[in-house]
Amino acid sequence: MAHCSLFPKSYFLHVVLIMFIFLVATRLYASEPPLTLDYYASTCPTVFDVIRKETECAVLSDPRNAAMIVRLHFHDCFVQGCDASNLLDDTVTLKGEKKAATNIHSLKGFELIDQIKNMVESECPGIVSCADILTIAARDAVILVGGPYWDVPVGRKDSVTANIDLANTNLPTPDESLLSIISKFLYQGLSVTDMVALIGAHTIGMARCQSFRSRIYGDYGFTSVKNPVSESQLSNLRSMCPPIGGGRTDNNISAMDYVTPNLFDNSFYQLLLNGEGLLNSDQEMYSSVFGIQTRELVKKYATDPLDFFRQFSESMVKMGNITNSESFVTGEVRKNCRFVNT
């Protein structure tokens, strides 16, 4: 009698691959980085206040700036650790990460970090790294739009290198499969639980038409609940994002959480339950046949905002602790976040 299985053979191959990646990631990131809460207690005691005030100005001027800062931090940590490598501009001798396919249209807000850095430098010249500034600002940005607080360990150094190839391979993309995205988080030493919680930051995120076109002309109509609100939302999305790309409409943007776009809450997960995730990669966490664990986490965070906040805080600390060990040897505290010191 033939052996029956609920899952295709490829599923088990993916599982084996993910387990291998997890073992590698554990070896890479299991040791605690040399970060502490009081690293600047004597050298720059006002640093947290300065960053908070400048971040507050940025978010009050435009709530969307909160998402930009959080995204900068995420895209930094997934490429050779949280070392501010993605803030570096291209120069004659250095190729930065800003023009990577995963960054060129999605990363904004560099001038916000410049402003914060300038204020920190005027207070404590040459003391606070850009990597720490970005990590602290991401926490403050989340708080300012209604999200949770967490303590930020500090003491990171800024890298003197960038890696555009890693930016293109390490960062998840909007149409990537669930198993592939899980593997990318595991490679960073982050669990599936961390992944589902951290992607919850999309509750304040925006996406370009080019990133969700395949979704709204694909299975959106099949996964979403049939009610006037959902149907109206799909109609609105299609009106601003035509099926044929290549023009200006590629840059039209929409909130990933159209219910409360400027509020950090658990509404994003409720939209996934309704099949209304804007990105394929987001909806996969609930709708994919491989999403056994992720589906339950989405349900939990959709019904328990406090549990989401708790896990998000814990996972942000964990992600912020992904450090570039090389930066502690060859790194520096940049005077200008866009350029290596000369």
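Let me sum up the structure you'll find in this document.

Conventions used here
Residues numbered from 1 in each chain as written. Predicted model: local features only at pLDDT ≥ 70, side-chain atom pairs only at ≥ 80, totals over all residues. Heavy atoms only, no water. Phe/Tyr/Trp six-rings, centres within 6.5 Å; stacked < 30°, edge-to-face > 60°. Buried < 20%, exposed > 50% of the residue type's maximum accessible area, 1.4 Å probe, protein only. Helix = DSSP H or I, 4+ residues; strand = E, 2+ residues; numbered from the N terminus. 1 Å grid on protein atoms, 1.4 Å probe; cavity = no way out; pocket = protein on both sides within 12 Å on 5 of 7 lines; lining within 4 Å. Points joined across faces, edges and corners; volume = space filled by probe spheres on them. Nonpolar A, V, L, I, M, F, W, Y, C, P; charged D, E, K, R; others polar. Domains from an automatic or database assignment.

### What about the packing of aromatic side chains?
Enumeration over the complete set of coordinates arrives at 14 aromatic pairs. A centroid spacing of 4.5 Å and a plane angle of 25° characterise the contact between Phe74 and Phe78, whose relative ring orientation is stacked. Assigned by exposure class, Phe74 and Phe78 land together as buried. The interplanar angle of 45° and the centroid separation of 5.9 Å between the aromatic rings of Tyr301 and Phe308 together place this pair among those described as tilted. Assigned by exposure class, Tyr301 and Phe308 land together as buried. Here the aromatic residues Trp150, Phe264, Phe268, Tyr269, Tyr301, Phe308, Phe309 and Phe312 are joined through ring pairs into a cluster of three or more.

### Overview of unusual backbone geometry
Unusually for a residue other than glycine, Gln80 sits at a positive phi of about 55°. Mapped onto the fold, Gln80 is located in the loop between helix H3 (64-77) and helix H4 (110-123). Phi at Ala84 takes a positive value of approximately 60°, unusual for a residue other than glycine. Judged by relative accessible area, which is 0%, Ala84 ranks as buried.

### Brief notes about the layout of surface pockets
A volume near 1000 Å³ is recorded for the largest pocket. Residue lining of the largest pocket: 38 residues in total, with Arg71, His75, Ser106, Met206 and Met256 positioned closest to the centre. At the level of secondary structure, the elements contributing two or more residues to the lining of the largest pocket comprise H3, helix H7 (178-187), helix H8 (192-199), strand E1 (206-208), helix H9 (209-216), helix H13 (280-287) and helix H15 (305-320). With 7 residues, H3 is the largest single contributor of residues to the lining of the largest pocket. Residue classes in the lining of the largest pocket are distributed as 20 nonpolar, 12 polar and 6 charged. Composition of the lining of the largest pocket by domain shows at least three residues from each of domain 1 (44-169 + 319-328) and domain 2 (176-315).

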